[in-house]
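An overview of the molecular structure
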Amino acid sequence: MADRPEFGAYVAARSSRLMRTAYLLCRDWPTAEDLVQTALVKAWLAWHRIEDDPDPYVYRILVNTHASWRKRRWRREVPTEPLPDLAGPGDATRVEDRDALWTALGALNAQERAAVVLRYYADLDYGRIAEILGRPPGTVRSQISRALAKLRVDEAMTPIPEGTER
Amino acid sequence: MTFTEDDLRAVLAERSTPSRVPPDLAGRAERRGRSRHRRRLTVGATALVTGAATVTVVVAQLGPDRPAAPAFSPSPSILGGYGKVVPVPDVTSLNRPEVHASLRSIVEVTGTAPRCRRRLHGTGFVYARERVMTNAHDVAGVRGPLGVRAPNGDEHQGRVVLYDPARDIAVLYVPGLAVPSLGFNRTARAGDVALIAGFPAGRSKPLTATAGTIRTRQSSSGPDIYHSGQVTRGILTFSGRVEPGNSGGPLLSDEGLVYGVIFAAAPDDQHGGYALTADEVAADAQAGATATKPVSTQACVD
């Protein structure tokens, strides 16, 4: 059990993809690396139970681990961790649409972002995403459309400057 | 904002591109998985008593992918004349007089932020005459003087004379603080052994010192402490045990110099933490070394 050649092959083939997916979830490279490491350790431990396609399983660990880290993170002390609700660009400079879209993505909550990433980055259908997230496909569908709606209205929101007075 | 699904695909693909795949992911996962079977993290706690002072030192075993697992060293190092004993984990290169001496320069910082009804607690270190460096988030929103407790138990009062929420650095001016200053070492590299020192245990608890290893030196972008903007900073990621009160404390080299300022724990606490590099904090260190005028610590952080 210590040597499962398929595990090494899987990681070699998928690590870059997993790193990117993890980054899109948490938006920070060191955290992404830790996330992938943790997911792979869990996957390794469960490898004998995983069937032909490990992707859904590994994605599920990535998403769940990320969610649990967000819950557990230190108060005030993890500035490199996932972006919480980030205010939009704080000054009057007009940013390009794609920058705005990226910023807006950061303002989605972890669940919505996971669904969006699995749909538009991993290119999975609603059925697979539902399987990974452990929710009915209908819920996933409405979650994604709600996320898209949020992104669409994001620019209209007046950015609230933070950090000076509260 | 108008965008198509293809825009969304493009943004996700684009933003995730500079993906650096860490070497040997599979091997590391396997080793960690295997040793998790055997209970991965062995944490030993030992208390030594000198006179009336009890010092607890937590020794975290390095991850299995590290070259050497430090065992606890029974030979204590004495903080000369300070009445406390702080054993240093037995990573041989850390068991040196310079390292032991450097622990005298680490202080506990406490303050009160009345507007958010919060008492703050963190670690700092003396880096220039009567100047203590710590994290901005450790003193954010504080009003009134800060409590600075030296390792010998002496209490002093300090005030914030430099506040840099973007870098997460603050400098305190502490008149009368007669503690030697720590120097910086800007050459930290992956694989270097380091000591995580600070006051994670809480108010008026002893200093703890834990061994770690530097994993990477890199630039990292993330929100500033108020989440009001993105900042890119030079950081060290390291393995070892980091707890909330550690923030603001130094990551020390085997020569007792400051590799970096610890500011965050990895979200999975088995994975160590993050420190701002000595280079990153150099400008603030210089500006703070001669400052005496109090500055605002702005608002509390969430």
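Residues numbered from 1 in each chain as written. Chains lettered and ligands numbered in written order. Predicted model: local features only at pLDDT ≥ 70, side-chain atom pairs only at ≥ 80, totals over all residues. Heavy atoms only, no water.

**Focus: the overall build of chain B**
Rules: Strands are runs of DSSP state E lasting at least two residues, helices are runs of H or I lasting at least four, and both sets are numbered from the N terminus onward. When checking whether two residues touch, look at their non-hydrogen atoms; a contact exists if any pair is within 4.5 Å. Where accessible areas are quoted, they stem from the Shrake-Rupley method and a 1.4 Å probe; at the residue level, only the protein chains shown are allowed to cover.
What chain B contains, in helices and strands, is five helices and 16 strands. Put simply, 62% of the contacts in chain B that link residues at least 6 apart link residues at least 24 apart. Accessible surface, chain B: about 11,500 Å² in total, of which carbon and sulfur atoms supply 50%.

**Quick look at the overall build of chain A**
Keep this limit in mind: Buried residues are those whose accessible area, probed at 1.4 Å on protein chains only, stays under 20% of the maximum for their type, while exposed residues exceed 50% and partly exposed ones sit between those limits.
Helix and strand content of chain A: seven helices and zero strands. Beginning at the N terminus, the succession of helices and strands in chain A can be written as α-α-α-α-α-α-α. Here chain A, with 166 residues, has 54% of them falling under the buried criterion. Contacts spanning at least 24 positions in sequence make up 61% of the contacts within chain A whose residues lie at least 6 apart. Of the roughly 7,500 Å² that chain A leaves accessible, carbon and sulfur atoms contribute 52%.

**Structural notes on the pairing of strand 6 (residues 118–128) of chain B**
All names here are of chain B. How we decide: Here, any two strands with at least 2 DSSP bridges between them count as paired.
Counting buried positions along strand 6 gives ten out of eleven residues, so the element sits mostly inside the fold. As paired elements, strand 5 (residues 106–113) and strand 6 share eight bridges and run antiparallel to each other. Bridge pairing links Ile106 to Phe125 in strand 6. Counting the residues that bridge the hairpin from strand 5 to strand 6 gives four residues, and of these Arg117 lies at a positive phi of roughly 45°. Pairing of strand 6 with strand 7 (residues 131–134), which is carried by three bridges, proceeds in the antiparallel orientation. When the sheet's bridge partners are listed, Ala128 is paired in strand 7 with Arg131.

**Here's the deal with the sheet that holds strand 11 (residues 193–198) of chain B**
Hydrogen bonds along the backbone pair up the strands of a sheet, which may run parallel or antiparallel. We count it as follows: Lines are fitted to the C-alpha atoms to define the axes, a helix being fitted only along its stretch in contact, and any angle between axes, read from their N-to-C directions, falls within 0 to 180 degrees.
On the basis of which strands lie adjacent, the closed barrel formed by six strands has the order 11-12-13-16-15-14 (chain B) and antiparallel pairing. Averaged over all pairs of adjacent strands, the angle between their axes in this sheet comes to 50°, without regard to strand direction. Helix-sheet contacts for helix 2 (residues 29–45) of chain A involve strand 12 (208–223), strand 13 (230–239) and strand 16 (273–277) of chain B, and the interaxial angle to strand 12 of chain B is about 120°. Contacts from helix 5 (residues 278–289) of chain B reach strand 12, strand 13, strand 15 (258–265) and strand 16 of chain B, with the element oriented near 55° to strand 16 of chain B.

**Observations concerning the confidence of the model for chain B**
Under the convention used in this document: In predicted models, pLDDT denotes the confidence assigned by the predictor to each residue on a 0 to 100 scale.
Averaged over all residues, the pLDDT of chain B is 77; the fraction at 70 or higher stands at 76%. Between residues 39–85 of chain B, whose pLDDT stays under 50, and residues either more than four places distant or in other chains, the model counts 107 contacts.

**Regarding the environment of Ala289 of chain B**
All names here are of chain B. Following the sequence through the fold, Ala289 ends up in helix 5. Accessibility expressed as a relative area gives 27% for Ala289, which makes it partly exposed. Separated by 159 residues in sequence, Ala289 and Glu130 have C-alpha atoms that sit 8.4 Å apart. Not counting the four nearest positions on each side in its chain, Ala289 is found in contact with Tyr127, Ala128 and Arg131.

**Comments concerning the pattern of salt bridges**
Pairing between side chains of opposite charge can happen when the charged atoms of each approach one another. The line we're drawing: For salt bridges, the criterion is a side-chain nitrogen of Lys or Arg within 4 Å of an Asp or Glu carboxyl oxygen.
Overall, the coordinates contain 15 salt bridges over all chains when judged by the stated rule. We note a salt bridge from Arg28 of chain B to Glu33 of chain A, for which the minimum N-O separation is 3.6 Å. Taken together, the residues Arg28 of chain B in helix 2 (residues 25–37) and Glu33 of chain A in helix 2 connect one chain to another. Judged by relative accessible area, Arg28 of chain B falls into the buried class, the value being 12%. The salt bridge partner of Asp34 of chain A is Arg215 of chain B, with a shortest N-O separation of 3.1 Å. You can see Asp34 of chain A sitting in helix 2 and its partner Arg215 of chain B sitting in strand 12, one on each of two chains. Accessibility expressed as a relative area gives 17% for Arg215 of chain B, which makes it buried. A network of salt bridges, in which partner residues are shared, links Glu33 and Asp34 of chain A together with Arg28 and Arg215 of chain B.

**Re the nonpolar core**
Quick note on the threshold: Nine residue types can take part in a nonpolar core, namely buried Ala, Val, Leu, Ile, Met, Phe, Trp, Tyr and Cys, and a core is a set of them joined through side-chain atoms within 4.5 Å.
Core analysis: the largest hydrophobic core is formed by 58 residues, its most contacted members being Phe7, Leu62, Leu105, Leu118, Leu133 and Leu151 of chain A together with Leu8 of chain B. Counting residues per element, this core draws most heavily on helix 1 (residues 5–26) of chain A, which supplies ten residues. When sequence neighbours within four positions are dropped, the list of residues in contact with Leu133 of chain A reads Val63, Ala114, Ala115, Leu118 and Val140 of chain A. Core analysis: the next-biggest nonpolar cluster, separate from the first, contains 32 residues, Ala128, Leu195, Phe199 and Ala209 of chain B among them.

**Some details on the pairing of strand 8 (residues 146–149) of chain B**
Residues and elements named next belong to chain B. By the alternation rule, side chains of strand 8 split into Leu146 and Val148 and Gly147 and Arg149, which are all buried. Sheet topology note: the strand 5/strand 8 ladder contains three bridges and is antiparallel. Note on strand 8: the bridge partner recorded for Val109 is Val148. The sheet contact formed by strand 8 and strand 9 (residues 155–164) spans four bridges and is antiparallel. Bridge pairing links Leu146 to Gly158 in strand 9.

**Here's the deal with empty space enclosed by the protein**
The condition is simple: Using protein atoms alone on a 1 Å grid, points that fit a 1.4 Å probe yet trap it form a cavity, whereas open point sets bounded by protein on both sides within 12 Å along at least five of seven lines form a pocket; residues with an atom within 4 Å of a point count as lining. Grid points are joined across faces, edges and corners, and a volume is the space filled by probe spheres set on the points. Each residue receives one of three labels: charged for Asp, Glu, Lys and Arg, nonpolar for Ala, Val, Leu, Ile, Met, Phe, Trp, Tyr, Cys and Pro, and polar for the others, Gly being one of them.
This structure, assessed with the given rule, holds three cavities of 30 Å³ or more. By volume, the second largest cavity is sized at about 60 Å³. Looking at the second largest cavity, it is lined by 13 residues, and the ones nearest its centre are Pro30 and Asp34 of chain A together with Arg215, Thr237 and Tyr274 of chain B. Of all elements in the fold, only helix 2 of chain A together with strand 12, strand 13 and strand 16 of chain B reach the threshold of two or more residues within the lining of the second largest cavity. Looking at the lining of the second largest cavity residue by residue, the class counts come to four nonpolar, six polar and three charged.

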